[in-house]
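Structure assessment
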Amino acid sequence: MAVITIDGVKHEVDEKKNLLEVCLSLGYNLPYFCWHPAMGSVGACRQCAVIKYKDENDKNGRLIMACMEPASDGSIISLTNPEATGFRAEVIEWLMTNHPHDCPVCDEGGECHLQDMTVMTGHDYRRFRFNKRTHRNQYLGPFVNHEMNRCIQCYRCVRFYRDYADGKDFEVLAAHNHVYFGRSTDGVLENEFSGNLIEICPTGVFTDKTLKQHYTRKWDLTTAPSVCVHCGIGCNTIAGERYGSLRRILTRYNNQVNGYFLCDRGRFGYEFVNSKKRIEKASFKTEDVIEGVDLSKAISFVKTYISGSSVTLGIGSPRASIEENYLLKKLVGNENFYAGISSDEFRLLKLQLDIMRSRVFHSPSLKDVEKADAILILGEDITNTAPMLALAVRKATKKAPPGFLEKLKIPAWQAAAVNEAIQEERLPLFVATSYPTKLDDITASALYLPPVDIAAIGNAIAAGIDSSLSAIDGFTDAGREFIQRASNALLNAESPLIITGSGSLSEELLFSAVNAANALKKKNKNLSLCFSFPEANSLGLLLLSDKGFEEIKDRAEPEITIINLKNDLYIKAETDFIDNLLNDKKIITLDSLQNHTTERSDICIPSGTFAESDGTFVNNEGRAQRYYQVYVSDKKEIIESWKILDELISVAGNVKLHTYESLLDEIASEVPELHEINKITPPPDFRIAGQKIPRETRRFSGRTAIRANVNVSEPKPSDDPDSPLTFTMEGFQGEPPSSVIPFFWAPGWNSVQSINKYQIEVGGSLHGGDPGKRLFEKDDSAELKYFETQNKKFNRRDNEYLTIPVYHIFGSEELSSEASAIKELIPEQCIWMNPDDALKFDIKKDESIGIDTGREVFDLPVKIKLNLPEGLIGISVLAGGKWMKFHQWFRLKKKND
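Note that this is a predicted model, so its numbers are computed, not measured.

**Some words on the sheet that holds strand β29 (residues 773-774)**
Taken in spatial order, the three strands of this open sheet run β25-β26-β29, and their pairing is antiparallel. The strands lining the two open edges of the sheet, one partner per strand, are β25 (615-618) and β29. Bridge count for strand β26 (residues 623-627) against β29 is two bridges, and the pairing is antiparallel. When the bridges of β29 are listed, R623 appears paired with R774.

**So, the nonpolar core**
In terms of nonpolar packing, the biggest core is built from 97 residues, with L331, F361, I461, I498, I605 and L674 touching the most fellow members. If one sorts the elements of this core by residue count, helix α18 (residues 507-521) sits on top with nine residues. Apart from the residues within four sequence positions on either side, F361 is in contact with I355, V514, A517, N518, K521, L527, L529, K778 and L784. Within the second largest apolar cluster, 91 residues are counted, among which are A38, C231, F268 and L389.

**Overview of the packing of helix α16 (residues 451-465) against α18**
It is at 8 Å that the axes of α16 and α18 come closest, and there the two elements cross at 15°. With respect to α18, the axis of α16 lies roughly parallel. Both α16 and α18 take part in a crossing whose hand is left-handed. Contact residues: α16 offers P451, I454, A455, G458, N459, I461, A462 and I465, while α18 offers E508, L509, S512, N515, A516, A519 and L520.

**Examining the sheet that holds strand β5 (residues 76-78)**
Reading across the sheet, the five strands line up as β2-β1-β5-β3-β4 and stay open at both edges, with mixed pairing between neighbours. In this open sheet, the two strands that pair with only one neighbour each are β2 (9-13) and β4 (62-65). Strand-to-strand twist in this sheet, taken as the mean axis angle between neighbours without regard to direction, amounts to 40°. Relative to β5, strand β1 (residues 2-6) is paired through two bridges, and the arrangement is parallel. Each residue of the ladder has a partner; that of I6, found in β5, is I77. Along the sheet, helix α2 (residues 82-95) makes contact with β3 (49-53), β4 and β5, crossing β3 at roughly 155°.

Rules used in this analysis
- Starting afresh in each chain, residues are numbered from 1 along the sequence in its written order.
- Thresholds applied to this predicted model are a pLDDT of at least 70 for local features of residues and 80 or more for the giving and counting of side-chain atom pairs; totals over whole chains, interfaces and linings are not thresholded and use all residues.
- Heavy atoms from the whole structure form the basis of all side-chain values; hydrogens and water molecules are not counted.
- In this analysis, strands are considered paired if DSSP registers two or more bridges between them.
- Secondary structure follows DSSP: runs of H or I at least 4 residues long count as helices, runs of E at least 2 residues long count as strands, and numbering of each begins at the N terminus.
- Put simply, buried Ala, Val, Leu, Ile, Met, Phe, Trp, Tyr and Cys residues joined by side-chain atoms within 4.5 Å make one nonpolar core.
- For every residue, the accessible area (1.4 Å probe, protein chains only) is compared with the maximum for its type, and the residue is labelled buried under 20%, exposed over 50%, or partly exposed between those bounds.
- The criterion used for residue contact is that any of the two residues' heavy atoms lie within 4.5 Å.
- All axes are obtained by fitting lines to C-alpha atoms, using only the stretch in contact for helices, and the reported angles, taken between N-to-C directions, cover 0 to 180 degrees.
- In this scheme, roughly parallel covers angles under 35 degrees and roughly antiparallel covers those over 145, while 65 to 115 is roughly perpendicular and the rest are oblique.
- Take the far helix as the reference: if the near one is turned anticlockwise from it by less than a right angle, the crossing is left-handed, and if turned clockwise, right-handed.

Right, dumping it as C-alpha cells:
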C-alpha cells in the first residue's frame, strides 16, 4: 500500500493503481473521457489533469494526467489547483468546438457523460464562432445508430471493438481534426459485442437503435434489476419500461459475472416481450376451434381437467424460474414432473450437474475465466452458445505472462505500453471442435474433428498429464502435436481452465473433459472446470427434475393431463414425435408467446415474461440470481406463472402459499442446494429509513405521465408486496443493496460511469458484494474417479454421414429470435458439407438436398464449409427451423442412383 496526499488529505491506496483510479475510488469527482476501468489508460483526452508536487516545499508543481501517473508512495497532488481546473475547462472547450448543440434532441440526453463532465469542469459558454466540422453517418446494422458529429475523439470505441473484443470491421480513419470512427464502408457490425459501443461511448455517437424505434427519455423509464434470459451465463441487466412496453436493456454491473458488458443477443433480444405473438388472453379449444376466455374461467377449466384425469403430468422449463418449476412439481408430484429437455440432452446436462455437485473442481465465474493462463475448450462453440464466456476467454488470452510486466516495470493499467510489449503474443488457448469457430483467430492450436475423436483427444491429454493412465495413440501428426502442446501448457499454467458442454451432444466428450480436469487436479493445480448450459435456468431446472420429457411416452394411464410450462416442445424434438406424444392427452400450456405447442393446447394461459415477473435463475457456474418485475402489464390477464400454479395447487390437496416470501422459504427448506435462496436478496419487507427502493429516478416525469399515452389522469401506482421495490419515484434516494439496484445514478454522474460510485474500488466489487449466491464451492478433500471410456475413433461405412448441430448467436435461442432487430441477422437454415463430400455427390453450393430422419423428411440448401471433417453434416440449429439437434447417421445417394 502507498500513502498519497490529495489536496492536503492523506490516503492509503493501492500503489498498483493509477491516480485517476484511486481518486475515483476515494469518491473524488475527477473528470475523464478516454479511460475505462476495463480497458486501462492511454492518455488520449487530457481531461483528468491534476497538479503533482515534488514534495511539501514545492509550491508550483507540474501538470500531469492522473490516468497516466502511478499512485506511488509519497505522491502529493491537487485536484482543485486553479491551473488544473483551468486546464480541464479548456480541454472541454477544445473537445466541444465541433460538437453539435443537439442535447435537447440527442438520444443520449440525460445519460451523457460529456454533459456530466462539461458541468463538472464549469464550462458553460462557447466562444467558437466558425463552421463546425461535419461527418457523414454510417449504417452499422439493426443494433447501433451512428451520429459521428458528436464524437470527441476519446478512442474508447475502437479500443473496445478492436483491442478488447477483437472485432475486425471497425476502424479509426483519417487524422487530426477529421478522425473518423466507423467501417470502411456501410454495413452491419460483425462483432457479437457491438452493442457495448452504446455504453462505452461517453457521448451520443453510438446509441441504441432498438430504443430509437420507441424512444423515451432515460429519466422516464421504470427500471428494475434483472437477469438475461438468452443463455446460461446469467449476465446481470437493467430492464427499462415505458407505457407498458419494454424499451431497452442495459448492463447491470456484477464484477463476478458480466462486469461492464453484454453480448448483442442479451442486449437486443428483449423485444420478444413486445412481440405481436404475445399471448394476452387465455384460450380454450373445443373441436379444433380456439376461443378466448376470461382467465378465471380458464383456471376453472384447468381445475376440472386435473380433477377428471387419472394422472396430471408437468413439464418444467429451462427458461422458467426456480419458483415456477418448483410449484409445478409440487402440483403434479415428483414422479410426474419432467424437464422440458429432450432425454438425450437431459442425460448430458445431468452429468454436468453431478460433476458440479461432487465439488471436486472449481466452477469459475466469468471473472475467474479472465484470470486463466492456459485454456482448453473441448467440443463447445462458446461464441454462439455462451457469447460472454467467449469474451472472457478473449480477455484471458491477452494477459501478459506471469512476471512479464513486472520485469519490464510496466503497470498493468497502462494499456498502450502493455499492448506494445505483448504485441501479438497470447496466452495459450487450445480448441477442439467439429467445425471452425470464431475463436480460431486467437488459438495456439485448433482441431476440427467428429465428437468421438474430440473425446479421444481429451483422454489423450489426460494420459499426457497423468502417466498412470494408459497412453492413447492413433492420431494424426496434427492431433499428436495438439495433445502434447495442450498437455504441456496446462501443466505449466498457474490457473489452467477446461471448458466443455453439451453442445456436441456427446457423453464420451464430457467424460474425456472431466478426465483431463481430474488429471490436472491430481497435480495439485489451481484448476477450473467450466460447463456451458444452454438456457437461462437449465441448471436450476435440473436441481428439481430427474428425467426428460420424452419419457412421457412410456406413461400408459388412460386419462392424462399435461401441464406444459413455457416450452415449445416442437423445437425440442421432431414434429411426428411430439404429435404422437400429445395424442389423446389434455394439454394445458402456460406461456408468453404463441408457438406450435400453444396452438396444439386445449387450454392456453398467458404468462408473464421476465419483465413482468419475479424469479430466480441458476447460471452455469451455479450462481443463484434474482430478477425483479419491471412493470405490471396493462393486460390484466398477463400475470406471473407462479401465482397461477399456486392457485391450482389447492386442487391437488396442497395448501396455497399466498406470498412470494413464503414460496422462497418453502423452496429453501425443501431443496438442499437452494437452502439459501430466500437470502440472496433482501426480503419484501426490507426498508431503508422506512422506505422502499424506487424503480423510477427522482427526475421521473411524475405519476400523471405513467400512462399519458392512454389517459393523463393520475392512476394509483401498482402495489408490489413481493419485493423491497416500489413502482414509483418515491422512496429511498440513496444507494440500495447491490442485489436490488434498479439504476445507477449519483449526484453529477447521470451516465453509466456512475457505477464508479457503487464500487468498493473502481473496477472491483459492488458495496455489499456482488449479486447472487454460489451453490457449489470446491471441496479440496473431494475426489472423483476417472470415467472409463472406450476411446472409439470416428468410423463410418461408405456414404454414411453423421449429423451434428451448428449453433448461431442469432437464431438458435428461442426468445431472442422473436426480437425484430435480431430477426434481421438470423441466417437461413442450411446444411454444411465438406468440399470433398459435396464433390463426391456432385452437390453444388446452395443446392438443396433432402434429409430423412426416419420419421420426417425435409430439404435444406447446402453451404460448402472448409475444414469441416469428412463424414459430418452440420445442420443449423434455429428456433424457427427444422429440428435437428441430435446425432444421427444417414446415407446420401449419388444423383441418378
